[in-house]
Structure formats: C-alpha cells, structure tokens
Amino acid sequence: MNEIVCPNCKTVFKVDAAGFAEILKQVRDHQFEKEIIQRLALAEQEKESAVKLAEANVKNNLQDQISKKDQEILELKTTNKMEFAQQLAEKENELLQLKSQIERAEIEKKLAVNEATKKVEKERDDLAHEVKTKEAEKELQKQSLIDQYSKELKEKDVIIKHKDEEIALRKDMKLKLSTKMIGETLEQHCETEFNKLRASAFQKAYFEKDNDSKSGSKGDFIFRENDAAGNEVLSIMFEMKNEGDQSASKKRNEDFLKELDRDRTEKNCEYAVLVSLLEAESEYYNSGIVDVSYKYPKMYVVRPQFFIPIITILRNAAMNSMQYKSELAFVKSQNIDITNFEEKMNKFKEGFARNYDLASRKFKDAIDGIDKTIKELEKTKAALVSSENNLRLANEKTEDLTIKKLTHGNPTMKTKFDELEN
C-alpha cells in the first residue's frame, strides 16, 4: 500500500499499487501534455524568430543583390552606350557603303539598259530594213509572176488563134489527103507550129526529128532546152500517131505507150508525149491533156491542139524547179544561218504559194475556158463533118440517079418519059 499526501490539504491517502500506478500515469500524462504545450509554444516562438531572422537575412541579401545588380546595370549601361555608339557608327558606315553600292548599281543598270535598248533598237532597225527588203523582193517576185503569166496568157492567145486553123487543117487532112500523107502531115504540122513560136518563145530550144535508130526503134521528135549555164532544163520525146497508120493491130493509143517509153529512156528524155488522132470519138482523150503516168512515168497523151500547151506547161514547171534550186544553192554559198533562213524561206514560200495559187487558178480557169471552147468547136466540127458526109452520100445518090432507075417498076412514069422523048 502506498501513501499519497495532497499538496493543498495535506491529507494522506493510501492507494494500492494499481491505483498508485493509475494516478502516476495521470500525473505523467498531464505533465507530458503540459510540457508538450510549452515546447510547442517555445518552438512556435523559435520558429517565428527564425522566420523573422530569415526574412531579415533574405531582405538584407536581396537588398545587397539589388544594390549589386543596380551597380551592374549602371556599369552595363555605361558599357552598352559605348558599344552601341560604336555599333551605330559601324552600321552607319555600312549604310553609307550600301547606299554607294546601290548608286553604283543604279548607274550600271542605267548603262546596261541603255546598251540593251540600243542593241534592241539596232535589231529592230535591221529587221525593219530586212522586212522592207523582203517586201521589195516579194513585189519583184509578184511582178515577175505577173509578167510570166501575162506572157503565158499571150501564148495562150496565140494558141487560141491557131486552134481554128488546127481544126480546119485536120478537116482538110481527112477530106483531101491520102492515108499515107496524113501521118506525114501531122508531123509537119507539129513542126510548123513549133517553128512559128521558136523565135519568140523557144529561142534556146532544140526540136528536131529523132533519126537515131541504133536500138531498132526511134521516136518522131526530140525537144531539149538548156539554161544559160548549159544545164538541161527540159527534154521530151514526141511520137505522132493518127488514123492513117495502116497497122490493123495498132488502132488504140495504149498500143504505142510501151514503145514510146522505151524510146524516151534510150534517148535520155525526161518526159514522153504521144500526139494522137487515134480514138477520135473517145471523151477521155478529147478532154484535154491526159496524164498516163500511172502506166509509164512522166508520160502524156494529147490531141494536136495541145501540142504547144504541153511543152509550155512542162517548161514552166521545170523553170520553177530550177529557180528554187538556184536560190537554194546561192543561199548555201553565202553561209547564211540555216535556221533563220528556213523560217524566212517558209514565210516567203507561204506568200509565194498564195500568189502562185491565185495565178495558177486564174491560169487554170483560162485553160479550162480554152478547153471548153475547143470542145465546142470539136462538136461543131463533128457536126459539120457529119453534115458533109450526109451531103456527100446525097450527092453520090444523085449522081447514081437515072431515068431507068426512076421508071423501074412504075409504068405510068415510064409512059410519060417515053412521050417526052417522042
């Protein structure tokens, strides 16, 4: 048993060990709690003091740092002002240099523009001069074409003038000449027609009989023409056939084409032309110039009235071809830029083609008109020939008419004639 004395009333209490332990526990817990509170309060005070001290320290440190930073800023401002002034001076110097370069570039640009402008103006003037030259050449070419086709039209007028003589001659050949003389006269007629125009249209041409029969065959006439340089422009082998030929197996134009082609080849002629009066009623051969190149190269069949026109047409085509070849050779000899030349040549050819096409159409229209006129004359001739045949038959019947024939089988008429005789 333990005794406990109350500190206030001094009363003594006796408690057993368990109670004493409980009381001691209470006292200890109370004391411990009190101590905790005291320590917490002390710790709170220490904390506040530490915080205030830390705040003071931080404030002081910050103030020091601020002072240092202000000093650094002041120093930096002083330093930056000097550097900025230096950099500004450098930039101004660079700006002045750039302005100087820009001014020089502007001057160089103006000089380059002036130089380029002068070059372009020179090219423009050169092109304008070239255009004028080409225009002049085109006008000359145009005038040349006009003169050429005017000459050809005059030749056509000559042909038209002689066509009536041709028709009349053929009529006379059929009615008055023997069969053997018809062929000879056709050749003579063609030679005569050519000689009429030799002095004016064919001054440098060769047109003679083909007398070379080494190969066993020969044509009737050979036409050749050379230019001023001696180059052959055109060559034609002619064969003349008509109704007077006696061979019974050769009455068609087609029968003579193979032999004519062989003669052309052996005599080195470029073209072959059959002047024919055969198949007189054939519309195919009476239509004009008949191209039979689908059977034999460069071969034509014509009636006598187209003897001169076929020479003229082939000759003009050959002349045009020679002209283009000459111009091309001249251009190549001058070492002209081929690309530019081809472009200019194409423009020239287009303009020339338009003029040529216009003139060609007019020329064709004129030929068509002549062909129509000749066709009408042929029809008139055929009608006249038919009328003359009818008159001839009537005349033969009249000459064969006798009184005996008139009274044969007619006793009344016989009596009347007998009375007249008595």
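Residues numbered from 1 in each chain as written. Predicted model: local features only at pLDDT ≥ 70, side-chain atom pairs only at ≥ 80, totals over all residues. Heavy atoms only, no water.

1. Structural notes on unusual backbone geometry
- Of note in this structure, Asn 268 is not a glycine but carries a positive phi near 55 degrees.
- Positionally, Asn 268 belongs in the loop between α3 (257–266) and β6 (271–276). (Helix = DSSP H or I, 4+ residues; strand = E, 2+ residues; numbered from the N terminus.)

2. Considering a nonpolar patch on the surface
- Residues Val 58, Leu 62 and Ile 66 make up a contiguous nonpolar surface patch of roughly 250 Å² in combined accessible area.
- Within the secondary structure layout, Ile 66 lies in helix α1 (residues 17–176). (Patch = residues over 30% accessible without salt bridge, like charges linked within 9 Å, V, L, I, M, F, W, Y side chains within 5 Å. Areas by Shrake-Rupley, 256 points an atom, 1.4 Å probe, with all protein chains shown as cover. Salt bridge = Lys/Arg side-chain N within 4 Å of Asp/Glu carboxyl O.)

3. A few points about the pairing of strand β8 (residues 299–302)
- The two faces of β8 match: Met 299 and Val 301 on one face and Tyr 300 and Val 302 on the other face are all buried.
- Relative to β8, β6 is paired through four bridges, and the arrangement is parallel. When the bridges of β8 are listed, Val 275 appears paired with Val 302.
- Both strand β7 (residues 290–291) and β8 contribute to a ladder of two bridges, which runs antiparallel. Residue pairing across strands places Asp 291 opposite Tyr 300, the latter belonging to β8. (Buried < 20%, exposed > 50% of the residue type's maximum accessible area, 1.4 Å probe, protein only. Pairing = 2+ DSSP bridges.)

4. Digging into the layout of surface pockets
- Its volume calculated, the second largest pocket comes out at about 500 Å³.
- Around the second largest pocket, the lining comprises 26 residues; the ones closest to its centre are Lys 151, Glu 225, Arg 315, Asn 316 and Met 319.
- For the lining of the second largest pocket, the secondary structure elements donating two or more residues are α1, α2 (179–201), β4 (221–226) and α5 (307–333).
- Among the elements that take part in the lining of the second largest pocket, α5 stands out by supplying eight residues, more than any other. (1 Å grid on protein atoms, 1.4 Å probe; cavity = no way out; pocket = protein on both sides within 12 Å on 5 of 7 lines; lining within 4 Å. Points joined across faces, edges and corners; volume = space filled by probe spheres on them.)

5. Details of the sheet that holds strand β5 (residues 232–241)
- One open sheet accounts for six strands, arranged β3-β4-β5-β6-β8-β7; its pairing is mixed. Looking at the sheet topology across the chains shown, the edges are occupied by β3 (205–209) and β7.
- Sheet topology places β5 next to β6; six bridges connect them, and they run parallel. Within β6, the residue paired with Met 240 across the bridge is Val 275.

6. Let's talk about empty space enclosed by the protein
- Taken as a whole and assessed by the stated rule, the structure comprises four cavities of 30 Å³ or more.
- Ile 159, His 162, Glu 193, Gln 305 and Ile 308 are, among the 14 residues lining the largest cavity, the residues nearest its centre.
- The leading source of residues in the lining of the largest cavity is α1, at five residues.
- Per-class residue counts for the lining of the largest cavity are seven nonpolar, three polar and four charged. (Nonpolar A, V, L, I, M, F, W, Y, C, P; charged D, E, K, R; others polar.)

7. A short note on the confidence of the model for the protein
- Confidence in the prediction of the protein, expressed as mean pLDDT, is 76, and 73% of residues score 70 or more.
- Confidence scores differ between elements of the protein, with helix α7 (residues 403–407) showing the lowest mean pLDDT of 59 and β8 the highest of 95.
- Counting contacts from residues 175–183, a segment whose pLDDT is below 50, to residues more than four positions away or on other chains yields nine contacts. (pLDDT = per-residue confidence, 0-100. Contact = heavy atoms within 4.5 Å.)

8. Things to note about the side chain of Asp 210
- Considering the arrangement of structural elements, one finds Asp 210 in the loop between β3 and β4.
- Looking at Asp 210, the relative accessible area reads 3%, which means it is buried.
- At 2.8 Å, the side chain of Asp 210 and the backbone nitrogen of Gly 219 are in polar contact.
- One polar contact links Asp 210 to Lys 267, side chain to side chain, over a distance of 2.7 Å. (Polar contact = N/O pair within 3.5 Å; in protein donor to acceptor, adjacent residues only side chain to side chain.)

9. Details of the packing of aromatic side chains
- Counted under the stated rule, the structure contains 10 aromatic pairs.
- Considering the side-chain rings of Phe 202 and Phe 223, the 6.1 Å spacing of their centres and the 85 degrees angle between planes classify their relative orientation as edge-to-face. Of this pair, Phe 202 sits in the loop between α2 and β3 while Phe 223 is found in strand β4, placing the two residues 21 residues apart along the sequence. Just as Phe 202 is buried, Phe 223 falls in that class too.
- Linked through ring pairs, Phe 194, Phe 202, Phe 207, Phe 221, Phe 223, Phe 238 and Phe 307 together constitute an aromatic cluster.
- Its guanidinium or amino end placed over the ring of Phe 221, Lys 209 lies 5.3 Å from that ring's centre, counting from NZ or CZ.
- The ring of Tyr 271 carries Lys 298 above its face, with NZ or CZ at 5.3 Å from the centroid. (Phe/Tyr/Trp six-rings, centres within 6.5 Å; stacked < 30°, edge-to-face > 60°. Lys NZ or Arg CZ within 6 Å of the ring centre and 35° of its normal.)

10. Observations concerning the pairing of β6
- A large share of β6 lies buried, amounting to six of its six residues.
- Residues Tyr 271, Val 273 and Val 275 of β6 are buried on one face, and the alternating residues Ala 272, Leu 274 and Ser 276, pointing to the opposite face, are buried as well.

11. Looking at the nonpolar core
- With 31 residues, the main nonpolar core has Phe 223, Ile 236, Phe 238, Phe 307 and Ile 311 as its most contacted residues.
- Every element with two or more residues in this core is listed here: α2, β3, β4, β5, β6, β8, α5 and α6 (338–399).
- In this structure, Leu 257, Leu 278, Tyr 285 and Val 301 belong to the second largest nonpolar core, which totals 14 residues. (Core = buried A, V, L, I, M, F, W, Y, C linked by side-chain atoms within 4.5 Å.)

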